[in-house]
Amino acid sequence: MFQTLVHTLGTSAADIQVFLKAHNERNLAEYQGRVDIDEKLLADLIRCTKALEAAVAKLAPPPPE
């Protein structure tokens, strides 16, 4: 799913890698109980999420049905 953001919103490949890494860390926490907090990953995830939010905000609303 994250890879589609490249085509739909122009998200950079580097940002996609951050989302994938964070998702993987989430899975490790959920399924293996691992909860090491990587502060750099968290900072990168916040930065990428803000960029994603800005890209979504620029989208035109869907046409009425």
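Data block above holds the structure.
Residues numbered from 1 in each chain as written. Predicted model: local features only at pLDDT ≥ 70, side-chain atom pairs only at ≥ 80, totals over all residues. Heavy atoms only, no water.

Asker: How would you explain a nonpolar patch on the surface if you had to name every residue and give the values?
Answerer: Taken together, the side chains of I37, L42 and I46 define a hydrophobic patch exposed on the protein surface, amounting to about 310 Å² of accessible area. Relative to the assigned elements, I37 resides in the loop between α2 (13-32) and α3 (39-57). Residue classification places I37 among the exposed positions, given a relative accessible area of 70%. (Patch = residues over 30% accessible without salt bridge, like charges linked within 9 Å, V, L, I, M, F, W, Y side chains within 5 Å. Areas by Shrake-Rupley, 256 points an atom, 1.4 Å probe, with all protein chains shown as cover. Salt bridge = Lys/Arg side-chain N within 4 Å of Asp/Glu carboxyl O. Helix = DSSP H or I, 4+ residues; strand = E, 2+ residues; numbered from the N terminus. Buried < 20%, exposed > 50% of the residue type's maximum accessible area, 1.4 Å probe, protein only.)

Asker: Provide a residue-level description of the packing of α2 against α3, including the pertinent values.
Answerer: Look at α2 against α3: their axes get within 9 Å of each other, and the N-to-C directions meet at 125°. Viewed along their axes, α2 and α3 adopt a mutual orientation that is oblique. When you trace α2 past α3, the crossing you get is left-handed. Residues D15, V18, F19, K21, A22 and E25 of α2 lie in contact with α3, whose contacting residues are L41, D44, L45, R47, C48, T49, A51 and L52. Taken together, the residues of the contact of α2 with α3 break down into eight nonpolar, one polar and five charged. (Axes fitted to C-alpha atoms, helices over the stretch in contact; angles between N-to-C directions. Parallel < 35°, antiparallel > 145°, perpendicular 65-115°, else oblique. Left-handed = near helix turned anticlockwise from the far one by under 90°. Contact = heavy atoms within 4.5 Å. Nonpolar A, V, L, I, M, F, W, Y, C, P; charged D, E, K, R; others polar.)

Asker: Tell me about the packing of aromatic side chains, and please be specific about residues and values.
Answerer: Counted by the stated rule, this structure contains one aromatic pair. A ring pair is formed by F2 and F19, whose centres lie 5.9 Å apart and whose planes are at 10°; its orientation type is stacked. Residue F2 is found in the segment before α1 (4-8), and its partner F19 is found in helix α2; the two are separated by 17 residues along the sequence. For the residue pair F2 and F19, the accessibility class agrees, reading buried in each case. (Phe/Tyr/Trp six-rings, centres within 6.5 Å; stacked < 30°, edge-to-face > 60°.)

Asker: Break down the pattern of salt bridges for me, with residues and values.
Answerer: Counted under the stated rule, the structure contains five salt bridges. A salt bridge links R34 to E25; the shortest N-O distance between them is 3.1 Å. Its relative accessible area of 36% is what places R34 among the partly exposed residues. With a shortest N-O distance of 2.8 Å, D44 and K40 are connected by a salt bridge. Of this pair, D44 and K40 are both found in helix α3, four residues apart, which corresponds to roughly one turn of the helix. Under the relative-accessibility criterion, K40 is labelled exposed at 58%.

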